[in-house]
Amino acid sequence: MTEQKKPKAAAPGKKPAGKPLKPKKPKILRQSMPEQPPEQRIHNFKEVPYGFPLEMARFEASRCINCKDPKCIEGCPVEIDIPGFIIAIRDGKLEEAARIMKEDNALPAICGRVCPQEDQCEKVCVIGIKGEPVAIGRLERFIADWERENGRIVIPDIAPPTGRKVAVVGSGPAGLTVAGELSRMGHDVTIFEALHKPGGVLMYGIPEFRLPKAIVEAEVDYVKSLGVKIVYNAVIGKYLTIKELMEEEGFHAVFIGNGAGLPYFMNIPGENLNGVSSANEYLTRANLMKAYDFPHHDTPIVKSRKVAVLGGGNVAMDSARTALRLGAEEVTVVYRRSRVEMPARIEEIHHAEEEGIKFKLLTNPTRINGNADNWVESMTCIQMELGEPDESGRRRPIPIPGSEFDIEVDTVVVSIGNGANPLLTKATPGLKTNKWGNIIADDETCETSLKGVYAGGDIVIGAATVILAMGAGKLASRAMHKYLMSLKV
Amino acid sequence: MNKILKKTELSEDIKDIIVHSPVIARKRKPGQFIILRINETGERIPLTIVDSSPEEGTIRLIFQEIGKTTYALGDLEEGDTILDIAGPLGNPTHIEKFGTVVMVGGGVGVAVVYPVTVAMKAAGNNVISIIGARTHDLMILEREMASVSDRLIVTTDDGSYGMHGFVTDALQALIDEGVKIDLCLAIGPVVMMRAVSSHTEKYNIHTVVSLNSVMIDGTGMCGGCRVTVDEKTRFVCVDGPEFDGHKVDYDELIKRQQAYLPQEKQSLEQYLKEREKGCALDAKSKELQVEK
C-alpha cells in the first residue's frame, strides 16, 4: 500500500512542510468521465457520460488509500464495502469488485448514476479533506457496467425456501431492494407494480439521458433472477387491498414502497391551461411512454417553443433538459430562491447550464396567462429577495412589491415536489399516517402501525432520493426477516 | 389474462368486448374504470367497465372508435390479448335509495350509464332512463337499459327513432309531467352533460356527471386529468370520475380534452393508412399462397 501514500497537498501560497528527500510523485487528479458534448447531446436522448474506460477506472481507483476506518461505508445508506470494491478495481480484479459491490447493492448501475455521492460516501472520503474525493460513484457505475456488458452477472447463493410469502407494493428503488434481500434470505417474494413497467421513478421519472431504461430493466432482471416475481398493472388499494393480500392471498408480511406520487401545483391562476403539466406528467410521457418517439409510440407530448420549468430540484433539471431534447428553442428554470438554495445536484445544474438552460432565480410565478383557446401564452412572475432563514434553514424568499413582470412561454412544467399519494393509505384502515399523509414507520425497522406491514421510501420520508429509499428497503428486509422467522408456518 | 373472449359490433363504430380479467371482474363496482394499453408502443387510455362476471372472470368494455387506440382495439379479434389492463380505478358510484332517479346517457355514454342503472335499480330506486343518439343506427344497449329501468325514453337527434330531439328535451318533458326527480345522473359527450346540468340546475335537481379526461397512470401520480370543480382543481382519476354536475367547469374540460387533438389526428391517419396497406399486403400474401 506504500505507493498510495502521497505527500500532503500544500495549501496555496505556502511552502510544503517538511523536507522531502525524494522527488514528489505527481498527484493523481480525480478523473472525469468522457461525455457527449452539449451541442450534440441536446438533440438526442442518449446518455450524457460514456463512463470510465478500464484504464481510467483503475487510475481513479488507485487514488483510494484503503483507510483503516473507512468513512465512506458509513456514508452509504446501503453500506457497500466501498474500499473493498475500489481496491479490487485497482488491482484489476473486476469480477471480485462486482461481487463485493453486489453483496450490498442489487442496483449498482442505477446508483452509480443517480446517487448524490457528493452528499454521502464522497462527502466523507478522507482524500476529499485535502483534495477532491475518490470518484466512488463513477467507479460503482464502471464496475456495474463492466459486469453487465461482459455478461459476468453472477446470481449469488440463495437461502433454502423458508415457506414465508412476502408482498411488496411498488417496484421502485425501495421495493426492489427489499424484494431482492428477502428473496436471497429464502422468502417467496412478489412485487405488485401499479404501472405496466418496473422501476417506479427510475422508469417513469428519471430521463433516458441520465439513466437509460435498458439499464433499469437489466437491474430489475437481476432482482428477478434472485427469485422475485413481479405482477404489473396491480394498483394496490384498488386491485387488491393490503388486508386481502394478507388474509386472502396468503402473504405473511407486506412492504409498502409505493412512493410519493402526488404532484404539487402552485395553486396560482391559469394552472389548468393547456400547456401546463406536472413534471410527473411531462416526464412520464417522455420516459415511460416514450413520447419523444411519437408517432412511433402512441403517446403524444406538447410541442413547445418556450418552456418554463418551475422549481430547482433534480426533477426540474430533468424536465428542463427533456424539454430541450424535445425541440424547445428556449428553456428557463424559474426558482424562487437563489442558486445556493437550489436542491438539485451540482452536476445536474452544471449539465443543464452547459446545454443552454436559462435560470431565472429569485423569481416566483404568480399567474399563468392563456389565449382564447386555453393555451399558455405567458407567465407573470414576481421578483423575490431572501429574508431570514425559515424552518428548513434556508433563507426565506420574500416577494418585492411592484416587481411583477411577464415572460413569454407556451409550456409550463410544474416541478415543485410531490406529496404522499393517498390512494393506498385511504384504502388501508388502521395504517397510521402523519399530517402530510406519509405512512408512520419506525426509523430502524420500518414497522408501521399494522402488524406485519412495513413501509419505506418516499411514502414514509417524503420525496427524497433513490438511495435513501434503498436504504429503507435494506433496513426493512432485516426487520422483516426477523418477523417472518418468528412466525409459525 | 386479458384475452378477448367475445366481440360484438353494436353499431358501425361502437364495439363491445368481453375480456378475461378475473381479479378486476371480482373487485369492480359500478362507475369504475380500467386503463388499458394494447401493445408495447401503445398509449394508456381509460375505459369504463360496463359489466362483469365474477364467476367467469370477465369484464365487459364498450367503446367508440375515435382515435388510433380505439380503432386498434376495435381491430383486435376474439382470441387476441390486450397487453395491459389496470384497474378497477376511480371511485365507485354512490348508490343508495334516493327515490326517483333519472339516468341520462348519450351516445357511447349509455355504456357507462348502464352499470350504474343496474345498481340504482337494485337499490330500490324508481329508475327512469333517457338514452339518446344522433341517429337510430348509433343507439346502443336499448334492450339492456329497458330491462333495468322502470321507464325508458329513447331520443334521436334526427328523429329516426323514438322521440325526435335531445335528451334534454326528454328531461324537460318529464319535468313538465310533474315527475319529482331526486337525482339525475348524466353521462355522455361533455356538451350533453353541460346541457343536462344547466337544465337541472334551474329546477334544483341534484345532478351527477361522469367525466372522461386525458389520463396516464390513473392513480393520481401525473395530474393530467385535472378538472376544475367548484373552483378547485380535482383529479378525475382519484377524486372522480363522478362529480357534481352543477359545479364542473365544462368549458375548461372541453379545451383540455382537445389538448392533443393535432397529434391524435396524425396518429389516427397514420394508423388507418398502415391498416389499409396491411390489408393490401394480407390479400397479396393470400394470393401468393393460392398460386403456390
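Calculation rules
- Residues numbered from 1 in each chain as written.
- Chains lettered and ligands numbered in written order.
- Predicted model: local features only at pLDDT ≥ 70, side-chain atom pairs only at ≥ 80, totals over all residues.
- Heavy atoms only, no water.
- Pairing = 2+ DSSP bridges.
- Helix = DSSP H or I, 4+ residues; strand = E, 2+ residues; numbered from the N terminus.
- Axes fitted to C-alpha atoms, helices over the stretch in contact; angles between N-to-C directions.
- Contact = heavy atoms within 4.5 Å.
- Buried < 20%, exposed > 50% of the residue type's maximum accessible area, 1.4 Å probe, protein only.
- Disulfide = S-S within 2.5 Å.
- 1 Å grid on protein atoms, 1.4 Å probe; cavity = no way out; pocket = protein on both sides within 12 Å on 5 of 7 lines; lining within 4 Å.
- Points joined across faces, edges and corners; volume = space filled by probe spheres on them.
- Nonpolar A, V, L, I, M, F, W, Y, C, P; charged D, E, K, R; others polar.
- Core = buried A, V, L, I, M, F, W, Y, C linked by side-chain atoms within 4.5 Å.

A. Focus on the sheet that holds strand 7 (residues 306-310) of chain A. All names here are of chain A. In spatial order, the strands read 6-14-7-8-9; together these 5 strands make up an open sheet with parallel pairing. Bordering the open sheet on either side are strand 6 (276-278) and strand 9 (358-360), each of which pairs with just one other strand. Here the strands of the sheet are splayed against their neighbours by 25 degrees on average, with no regard to which way each runs. Sheet analysis places strand 7 next to strand 14 (residues 411-414), joined by 4 bridges and oriented parallel. Across the sheet, the residue bridging to V309 is V413, located in strand 14. Of the strands in this sheet, strand 6 and strand 14 touch helix 13 (residues 279-288), which is tilted by about 85 degrees from strand 6. Sheet strands in contact with helix 14 (residues 314-325) are strand 7, strand 8 (330-334), strand 9 and strand 14, and its direction is about 170 degrees off that of strand 8.

B. Representation of helix 5 (residues 94-104) of chain A. When we look at burial in helix 5 of chain A, the residues that qualify are A:L94, A:A97, A:A98, A:I100, A:M101 and A:K102. Against the buried residues of helix 5 of chain A lie helix 2 (54-61), helix 4 (82-90), helix 6 (108-114), helix 8 (136-149), helix 9 (173-184) and helix 11 (213-225) of chain A.

C. Representation of the state of the cysteines. All names here are of chain A. Here the structure, examined in full by the defined rule, presents 0 disulfides over all chains. No disulfide involves C115; its nearest neighbouring cysteine sulfur is the one of C111, lying 4.1 Å away. No disulfide involves C121; its sulfur sits 6.4 Å from that of C76, the nearest cysteine. The exposure class assigned to C121 is buried, which follows from its relative accessible area of 7%.

D. Up close: empty space enclosed by the protein. This structure, assessed with the given rule, holds 5 cavities of 30 Å³ or more. Along its surface, the largest cavity is lined by 19 residues, and A:E281, B:G224, B:R256, B:A259 and B:Y260 are the ones closest to its centre. Contributing elements (two or more residues each) for the lining of the largest cavity: strand 6 and helix 13 of chain A together with helix 8 (250-257) of chain B. Considering only residue class, the lining of the largest cavity consists of 9 nonpolar, 6 polar and 4 charged.

E. Local environment of the nonpolar core. A:I82, A:F85, A:I86, A:I89, A:L139, A:I143 and A:M480 are the most contacted members of the largest nonpolar core, which has 79 residues in total. With 10 residues, helix 18 (residues 466-486) of chain A is the single largest residue contributor to this core. If we skip the residues at most four places from it in the chain, A:F85 touches A:I80, A:A97, A:I100, A:M101, A:I136, A:L139, A:E140 and A:I143. Ranked by size, the runner-up nonpolar core spans 53 residues in total, among them A:I268, A:A308, A:I368 and B:I153.

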